[in-house]
Amino acid sequence: MPSPRPSSVLMIASGMLVTLVTVALARLSFGLILPPMRESLGLSYEQAGNLGTATALGYLSLVMVAGALASRHGGRVSVLLGLACVIAGFTGLSQASAYGPLIALMALLGIGTAFAYTPLISLIATWFPQRRGLAIGLLNSGVGTGMMSAGWLVPYLSQAYGDEGWRWVWALFAAAGVLAFVGAVLFLHDPPRPEGTDPARSPTAADRRARRRAVFRNPYVVTVALVYGIVGMTYIVQAIFMFSFALDAGVDATTAGRIASLMGFLGIVCGPVWGTVSDRLGRGRSLVLAMGLAFVSTAIPVLSPTLAGFSAHYVILGVCVTGMFTSALAASTERVSPHEAPLAVSYVTVFFAAGQLLGPAAAGWLIGWTGGFRTTFGLSAVFILIGVVLSWRLTRALRPPERASAAEPRPCS
């Protein structure tokens, strides 16, 4: 039975809410919650880094499984499973105090993000083949919305409820997850299968191996994966420790939260802009531009750890962060056939998750060893510069071959 054709507005809106919950709240807002949570529970910076690593490990260990599940049974099932894991993780974190359960619950957030986010991206990209950059950019605006909300919410609840404020934050995140689950049930639908395929016939083992080889050996996809790995490593370090860096440099917590929320607001505005830029200029050029801005934003507080420096960091990163995510994810689906898109997104996300696994633990150790943050973010800037060079290589690649229009679903109306 063919999939119903949903409203574009409702499908994108529900996808934005899923992205808000699974990326902004489950992954990136941890850096804002970390200072009051660390102080309340008496955690060291190394333990805090390990919590971020647990989330990345859960993400990395199952992201390819999520891609396979989405390819065989549809992205909608995977998204709903991921949201259920994230809701359970948020609820547990609002109650837990011991280090062991905290590690397990943070890992559950990573598992939930793996099952929800990457299948969502490939699902939406397949519905909008001619406007995939814009569609993914709109989805990633949910990240900005979540970060803006968390930037206001965390300091407010920390002041209102003291040592228990961070628990209320996790509880509210769980409530947002329930809303996202309802939206996904109602408005997210799998795209129709390409014409000429038999939905009753499952791919053979040889078919699946051939698909994997086609993706894993594609030099364009491999380059995108390397860039996305650098994005994952450097951005998660920023998300977890830049707020603490600002506090350590003497910036007031409320002020730091407000400038962090400004970054989220800019992400909302710039998400669709970057999607359009990547559609028109190409994924490589938009990645070069976005990562060049990320390099500048990371270097500024290293050179000038002041309120002005941190403000410039958050503003510039707010402008460019959705450009990195949107351009890389859109590029991963560009050189493969539609039925390989979930696998391609999952493949490049393995590199992203590996970077997020390495980044927090290494940064936490380095901060503890050096007694400060500047060395860590100086190295992050160097890695981003390498990403700029790799992104430039994508601009030298040949244009993707034209595909038969019958292989892709018509855009939603």
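Residues numbered from 1 in each chain as written. Predicted model: local features only at pLDDT ≥ 70, side-chain atom pairs only at ≥ 80, totals over all residues. Heavy atoms only, no water.

Per an unreviewed UniProt entry, the protein chain goes by MFS transporter and derives from Salinisphaera orenii YIM 95161.

Draft legend 1. Structural view of the overall build of the protein chain. When you go through the protein chain residue by residue, the secondary structure sums to 14 helices and zero strands. Taken from N to C terminus, the helices and strands of the protein chain fall in the order α-α-α-α-α-α-α-α-α-α-α-α-α-α. Looking at the 413 residues of the protein chain, the share that counts as buried comes to 56%. Considering only residue pairs separated by 6 or more positions, the protein chain has 86% of its internal contacts joining residues 24 or more positions apart. Surface exposure of the protein chain reaches about 16,100 Å², of which carbon and sulfur atoms provide 66%. (Helix = DSSP H or I, 4+ residues; strand = E, 2+ residues; numbered from the N terminus. Buried < 20%, exposed > 50% of the residue type's maximum accessible area, 1.4 Å probe, protein only. Contact = heavy atoms within 4.5 Å. Areas by Shrake-Rupley, 256 points an atom, 1.4 Å probe, with all protein chains shown as cover.)

Draft legend 2. Structural detail: the state of the cysteines. Per the stated rule, a full pass over the model turns up zero disulfides. With no disulfide of its own, Cys-270 has Cys-320 as its nearest cysteine by sulfur position, at a separation of 8.9 Å. A relative accessible area of 0% means that Cys-320 is categorised as buried. (Disulfide = S-S within 2.5 Å.)

Draft legend 3. Geometry of empty space enclosed by the protein. Applying the stated rule across the entire model yields six cavities of 30 Å³ or more. The calculated volume of the largest cavity comes to roughly 90 Å³. Around the largest cavity, the lining is made up of 13 residues, and of these Thr-234, Tyr-235, Gln-238, Thr-298 and Ile-384 lie nearest the centre. Elements represented by at least two residues in the lining of the largest cavity include exactly helix H9 (219-248), helix H11 (283-303), helix H12 (307-334) and helix H14 (374-395). The leading source of residues in the lining of the largest cavity is H9, at four residues. (1 Å grid on protein atoms, 1.4 Å probe; cavity = no way out; pocket = protein on both sides within 12 Å on 5 of 7 lines; lining within 4 Å. Points joined across faces, edges and corners; volume = space filled by probe spheres on them.)

Draft legend 4. Seen up close, the packing of aromatic side chains. Under the defined criterion, the tally for this structure stands at 15 aromatic pairs. Among the aromatic residues, those joined into a cluster by ring pairs are Tyr-59, Tyr-228, Tyr-235, Phe-325 and Phe-352. (Phe/Tyr/Trp six-rings, centres within 6.5 Å; stacked < 30°, edge-to-face > 60°.)

Draft legend 5. Structural view of the packing of helix H6 (residues 132-161) against helix H7 (residues 165-187). For the pair H6 and H7, the least separation of the axes is 7 Å and the interaxial angle reads 135°. As far as their axial angle goes, H7 and H6 are oblique. Where H6 crosses over H7, the two elements pack in a sense that is right-handed. Where H6 approaches H7, its residues Ala-150, Leu-153, Val-154, Leu-157, Ser-158 and Tyr-161 are matched on the opposing element by Gly-165, Trp-168, Val-169, Leu-172 and Phe-173. (Axes fitted to C-alpha atoms, helices over the stretch in contact; angles between N-to-C directions. Parallel < 35°, antiparallel > 145°, perpendicular 65-115°, else oblique. Left-handed = near helix turned anticlockwise from the far one by under 90°.)

Draft legend 6. Quick look at a positive patch on the surface. A cluster of basic residues, Arg-209, Arg-212, Arg-213 and Arg-217, forms a positive patch at the surface. Considering the arrangement of structural elements, one finds Arg-217 in the loop between helix H8 (205-216) and H9. Judged by relative accessible area, Arg-217 falls into the exposed class, the value being 65%. (Patch = residues over 30% accessible without salt bridge, like charges linked within 9 Å, V, L, I, M, F, W, Y side chains within 5 Å. Salt bridge = Lys/Arg side-chain N within 4 Å of Asp/Glu carboxyl O. Lys, Arg positive; Asp, Glu negative; His and termini not counted. Charge placed at Lys NZ, Arg CZ, Asp CG, Glu CD.)

Draft legend 7. Here's a closer look at the side chain of Ser-94. Tracing the sequence through the fold places Ser-94 in the loop between helix H4 (75-93) and helix H5 (99-127). Side-chain polar atoms of Ser-94 contact the backbone oxygen of Thr-91, separated by 2.6 Å. Those residues in contact with Ser-94 that lie beyond four places of it in its chain are Arg-167, Trp-170 and Ala-171. (Polar contact = N/O pair within 3.5 Å; in protein donor to acceptor, adjacent residues only side chain to side chain.)

Draft legend 8. A look at the nonpolar core. In terms of nonpolar packing, the biggest core is built from 119 residues, with Phe-90, Ile-124 and Trp-170 touching the most fellow members. Counting residues domain by domain, this core receives three or more from each of domain 1 (1-190) and domain 2 (209-397). (Core = buried A, V, L, I, M, F, W, Y, C linked by side-chain atoms within 4.5 Å. Domains from an automatic or database assignment.)

Draft legend 9. Quick peek at a nonpolar patch on the surface. On the surface, Val-178, Val-182, Val-185 and Leu-186 cluster together to form a nonpolar patch covering roughly 300 Å² of accessible area. One can find Leu-186 in helix H7.

Draft legend 10. Structural detail: helix H13 (residues 341-370). The end-to-end C-alpha distance of H13, which contains 30 residues, comes to 43 Å, matching closely the 44 Å that a straight helix rising 1.5 Å per residue would cover. A positive phi of about 75° marks Gly-371, the residue just after H13. (Expected span 1.5 Å × (residues − 1).)

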